[in-house]
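Descriptive structure summary
Each chain is listed here by its residues.
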Amino acid sequence: MSKNLASIKGLEARKAALEVIQAVGGGAFADVALDRTFKVYSFKSIDKALITELSYGAIRQRYFLDRWIDFLGKVPANKQPPILRWLLHLGLYQILKMERIPPAAAINTTVELTKTLRLIKLAPVVNGILRSALRSKERGLSLPKSKNPSLELAKNESIPLWLADELIAWKGVEDAQKIAQAFNSVSPIDIRVNKLRADVKDVKETFDSFGIKNQLIPGCPYGLEVPAGVGEPKNWPGYEEGKWSVQDRSSQLIAPLLGALPGEKILDACAAPGGKSTHIAELINNNGKIWSVDRSSRRSKKISANSERLGTKCLQLLVADSNDLLVKHPEWKCFFDRILIDAPCSGLGTLARHPDARWRMNKDNVQGLVSLQSQLINSLSPLLKSGGKLVYSTCTIHPDENFNQIKNFLQLKTEFSLEYEKQIWPGEEENGDGFYIAVLYKLKN
């Protein structure tokens, strides 16, 4: 970055954060945009943490910040030139949502950044709106209230209006608010200890000796929680040696529910990046055969890399559309002892980890995914042996993708029975993501 940027404290980090916000505004995924920025520039860990908080925070709070622009500006947020809108988001987020940054620094750096970007004519607009926001905050003023509970929830917790409507319909106003607040919390980093190469006690002691804060995760026998913002997991001890991998605590509950036994034939139908395939392999002590299927060759490479690092030697990778497996492999009818379908879904349970995901999804997208999920479970169920188990899971909270999906399947497939079903709501399971799990048993002939 230029000397001009480097001469003002914090300006380089804010410029990088703005680039991430802009990229996401243009359709990029937040994690990809952030990684790209970190590869382009050389930042210290403390700066990386600030860039992550600024960019992810402004993206997460997009709707809330837009309402402030509407309230304070002469032109509505959605009519602003995109670069001005993102600059205002960057400044407003610091003023309205961050306690540790002095408001004067937030205003000055945002205005200076505007000038640096050769948008000098916009600098007075940025300065005026940010100073108005600061005055409003100092006076204890807030945005105008609505009598519509969905509008209030959407505005205060920065979620799309359609999702606010749905949450209230599913859970009522009070619980909807708790879930939406969980969407805006900063998730810890959960790790799963690889029992093939280590045990939880040893990894915990190693982390303690390196000054990495951690604690056991209740209900996850191989799980440890590390607070967010303590560095990059790939640099922690034991990662390269395959002693552990990063996996959310809710996701860690899924593989054990397959009940897989050593020597069995297991299908993981939507396997990339391999977290659940490798977990199953660890649980059966590498004794068995796991077919890890994914339609993306690029994503399948991640399965291979994770499996190699963790030492899970019983995985067989297959790049294919799982809907076509029976057609291409007729010998697989009634072949597998266990099948896991971690289905493509709306991801509405993981909005805390993916700040941009809430702005990508809508009702039509969800119904498209419901059709895809239905096709998958109906295509794959004939591959299961009589007496076998099929686990269907998603990282969403939408009933049509979860309870209703399984209810419809069971009405059509009378040879299956529901053995277990659980919906985990964000904020409910000790900081875990929102997840759905159903265990289906195929009756013996």
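The structure we're discussing is the one just above.
Overview of the structure.

Reading guide: rules and limits
Residues numbered from 1 in each chain as written. Predicted model: local features only at pLDDT ≥ 70, side-chain atom pairs only at ≥ 80, totals over all residues. Heavy atoms only, no water. Helix = DSSP H or I, 4+ residues; strand = E, 2+ residues; numbered from the N terminus. Rg over C-alpha atoms; globule rule 2.2 N^0.38 Å. Buried < 20%, exposed > 50% of the residue type's maximum accessible area, 1.4 Å probe, protein only. Contact = heavy atoms within 4.5 Å. Areas by Shrake-Rupley, 256 points an atom, 1.4 Å probe, with all protein chains shown as cover. Lys, Arg positive; Asp, Glu negative; His and termini not counted. Charge placed at Lys NZ, Arg CZ, Asp CG, Glu CD. Arc of directions from axis to C-beta. Pairing = 2+ DSSP bridges. Axes fitted to C-alpha atoms, helices over the stretch in contact; angles between N-to-C directions. Phe/Tyr/Trp six-rings, centres within 6.5 Å; stacked < 30°, edge-to-face > 60°. Right-handed = clockwise from strand over helix to strand, strands pointing away.

Examining the overall build of the protein chain
- Within the protein chain, the secondary structure is distributed over 18 helices and 11 strands.
- In summary, the protein chain has a C-alpha radius of gyration of 24 Å against a globular reference of 22 Å for 445 residues, a match within 12%.
- Projected onto its principal axes, the C-alpha coordinates of the protein chain cover approximately 75 × 50 × 40 Å.
- The buried share among the 445 residues of the protein chain stands at 52%.
- For the protein chain, long-range pairs separated by at least 24 residues make up 72% of all intrachain contacts whose partners lie at least 6 apart in sequence.
- In the form shown here, the protein chain has an accessible surface area of approximately 20400 Å², with 51% of it arising from carbon and sulfur atoms.
- Across the protein chain, the mean location of the 61 positive side-chain charges is 5 Å away from that of the 48 negative side-chain charges.

Concerning helix H18 (residues 403-412)
- Along H18, the residues that are buried comprise Gln405, Ile406 and Phe409. Down the axis of H18, the buried side of the element spans an arc of 90 degrees, and every buried residue falls inside it.
- Looking at the buried residues of H18, the elements they touch are helix H17 (363-380), strand E9 (384-394), strand E10 (416-424) and strand E11 (435-442).

Details of the sheet that holds strand E8 (residues 336-342)
- Taken together, 7 strands build an open sheet; the order of strands is E7-E6-E5-E8-E9-E11-E10 and the sheet is mixed. Each of the sheet's edge strands pairs with one partner strand only, and the pair in question is strand E7 (315-319) and E10. Each strand axis lies, on average, 15 degrees off the axis of its neighbour in the sheet, ignoring direction.
- Of the strands in this sheet, strand E6 (289-294) and E7 are in contact with helix H14 (residues 297-310), which crosses E7 at around 170 degrees.

A short note on unusual backbone geometry
- With an omega dihedral of 5 degrees, the bond running from Ala272 to Pro273 counts as a cis peptide bond.
- For Pro273, the location among the structural elements is in the loop between strand E5 (265-268) and helix H13 (275-283).
- Residues other than glycine seldom take positive phi values, yet Ser158 does so here, at roughly 55 degrees.
- On the secondary structure map, Ser158 appears in the loop between helix H9 (149-157) and helix H10 (161-183).
- The phi torsion at Cys334 lies on the positive side, around 55 degrees, for a residue other than glycine.
- Take Cys334: it is sitting in the loop between helix H15 (325-328) and E8.

A closer look at the packing of aromatic side chains
- The final tally for this structure, using the stated rule, is 16 aromatic pairs.
- Seen from their ring centres, Trp291 and Phe336 are 5.4 Å apart, and the 80 degrees between their planes marks the pair as edge-to-face. Taken together, the residues span a long stretch of sequence, with Trp291 in strand E6 and Phe336 in strand E8 at a distance of 45 residues.
- Phe336 sits in the buried class, given a relative accessible area of 0%.

Observations concerning the pairing of E6
- Across the 6 residues that make up E6, a large majority, 5, are buried.
- Across 4 bridges, E5 lies against E6 in parallel orientation. Counted as the bridge partner of Ile266 is Ile290 from E6.
- Handedness of the crossover is the feature at issue here: the chain leaves E5, passes through H13, returns alongside E6, and the resulting connection is right-handed.
- In this structure, E6 lies alongside E7, joined through 5 bridges in parallel fashion.

Topic: the sheet that holds strand E3 (residues 223-226)
- Spatially, the 4 strands line up as an open sheet ordered E2-E3-E1-E4, and their pairing is antiparallel. Sheet topology places strand E2 (215-216) and strand E4 (244-246) at the edges, where each strand pairs with a single neighbour.
- With 3 bridges joining them, strand E1 (residues 189-193) and E4 adopt antiparallel strand pairing. Following the sheet pairing, Ile191 is matched in E4 by Val246.

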